[in-house]
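Examination of the molecular architecture
The residues making up each chain are set out below.
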Amino acid sequence: MIQQTLSIIKPDAVERNLSEDIKKKFLENKLKIIKIKKIQITKDEASEFYKVHQSKPFYEKLCSYLSSGPIVVMILEGENAIQENRRIMGATDPKNAEEGTIRKEYGISIDKNSVHGSDSPDNAKKEIDFFFKN
Ligand code: CDP
Ligand code: MG
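Quick notes on the rules
- Residues numbered from 1 in each chain as written.
- Chains lettered and ligands numbered in written order.
- Predicted model: local features only at pLDDT ≥ 70, side-chain atom pairs only at ≥ 80, totals over all residues.
- Heavy atoms only, no water.
- Buried < 20%, exposed > 50% of the residue type's maximum accessible area, 1.4 Å probe, protein only.
- Helix = DSSP H or I, 4+ residues; strand = E, 2+ residues; numbered from the N terminus.
- Pairing = 2+ DSSP bridges.
- Near = heavy atom within 4 Å.
- Polar contact = N/O pair within 3.5 Å; in protein donor to acceptor, adjacent residues only side chain to side chain.
- Areas by Shrake-Rupley, 256 points an atom, 1.4 Å probe, with all protein chains shown as cover.
- Nonpolar A, V, L, I, M, F, W, Y, C, P; charged D, E, K, R; others polar.
- Contact = heavy atoms within 4.5 Å.
- Lys, Arg positive; Asp, Glu negative; His and termini not counted.
- Salt bridge = Lys/Arg side-chain N within 4 Å of Asp/Glu carboxyl O.
- 1 Å grid on protein atoms, 1.4 Å probe; cavity = no way out; pocket = protein on both sides within 12 Å on 5 of 7 lines; lining within 4 Å.
- Points joined across faces, edges and corners; volume = space filled by probe spheres on them.

1. Describing the pairing of strand E1 (residues 2-9)
Among the 8 residues in E1, 6 count as buried, and that is most of the element. Sheet topology places E1 next to strand E3 (residues 71-79); 8 bridges connect them, and they run antiparallel. Bridged to Ile9 within E3 is Val72.

What follows is the structure, encoded as structure tokens:
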């Protein structure tokens, strides 16, 4: 099934000029970049975006981090795009990520793990609307 999903290149990766290398990973794996923009969000916006994690101990730090510098947000499209993007990203903690994944190659730590990707069709829709609904 052709799906769309939301991808974010997080501040640690944008700062290290890895956006082009990361985009190449998606394209090589047959995901199309339908929309893309480079923005910086406020901490309030990050807190809204990551609301699902509000009860977690890492929530505060996560929201500060996502709003700490420019990010690149993208709509990716392709066959099973949601699951495919998660596979291409690799495990949340770069230490556990498979060879060849973005987080294995570029992630620094569990918090500076270079990319975000939607985890379900419902969240993909919500997250795409969050960044791209006018
Ligand atoms: O990003 P992903 O969907 O793989 O992981 P998540 O469980 O939805 O967590 C969201 C983000 O919170 C992760 O990408 C990590 O950057 C961060 N996190 C963290 O800093 N410490 C943890 N123990 C778990 C997640
Ligand atoms: Mg997640």
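2. Examining the site of ligand 1
Close contacts around ligand 1 come from Lys10, His53, Phe58, Leu62, Arg86, Thr92, Arg103, Ile110, Asp111 and Asn113, and that covers them all. One of the side-chain nitrogen or oxygen atoms of Arg86 is found 2.8 Å away from an oxygen atom of ligand 1. In the environment of ligand 1, an oxygen atom lies 2.8 Å from a nitrogen or oxygen atom belonging to the backbone of Ile110. For ligand 1, whose free accessible area comes to 500 Å², the fraction covered by protein is 78%. Within the shell around ligand 1, the residues separate by chemical class into 3 nonpolar, 3 polar and 4 charged.

3. Comments concerning the environment of Asn85
As for its position among the elements, Asn85 is in helix H5 (residues 81-89). Asn85 sits 77 residues away from Ile8 along the chain, and the two C-alpha atoms are 11 Å apart. Apart from residues no more than four positions distant in its own chain, Asn85 is found in contact with Thr5, Leu6, Ser7, Phe26, Leu31, Leu76, His116, Gly117 and Ser118.

4. Concerning the side chain of Lys10
Along the chain, Lys10 falls in the loop between E1 and helix H1 (11-15). There is no salt bridge for the buried Lys10, and the closest opposite charge comes from Asp12, which lies 6.5 Å off by N-O distance. Within polar-contact distance, the side chain of Lys10 engages the side chain of Asn113 at 2.8 Å.

5. Topic: the pairing of E3
Counted residue by residue, E3 has 7 buried out of 9 residues, so it is predominantly covered. Across 7 bridges, strand E2 (residues 32-39) lies against E3 in antiparallel orientation. Its bridge partner being in E3, Ile33 is matched across the sheet by Leu76.

6. Notes on unusual backbone geometry
Notably, Asn17 is not glycine yet its phi reads approximately 60 degrees, a positive angle. For Asn17, a relative accessible area of 65% puts it in the exposed group. A positive phi angle, close to 50 degrees, is found at Asn80, a residue other than glycine. With respect to the helices, strands and loops of the structure, Asn80 is situated in the loop between E3 and H5. The class of Asn80 is partly exposed, set by a relative accessible area of 34%.

7. Focus: the layout of surface pockets
Empty space within the largest pocket amounts to approximately 650 Å³. If you trace the largest pocket, you find 25 residues lining it, with Tyr50, Val52, His53, Leu62 and His116 closest to the centre. For the lining of the largest pocket, the secondary structure elements donating two or more residues are helix H3 (43-49), helix H4 (59-66), strand E4 (115-117) and helix H7 (121-132). Element by element, the count of residues in the lining of the largest pocket is highest for H7, at 4 residues. By residue class, the composition of the lining of the largest pocket is 8 nonpolar, 7 polar and 10 charged.

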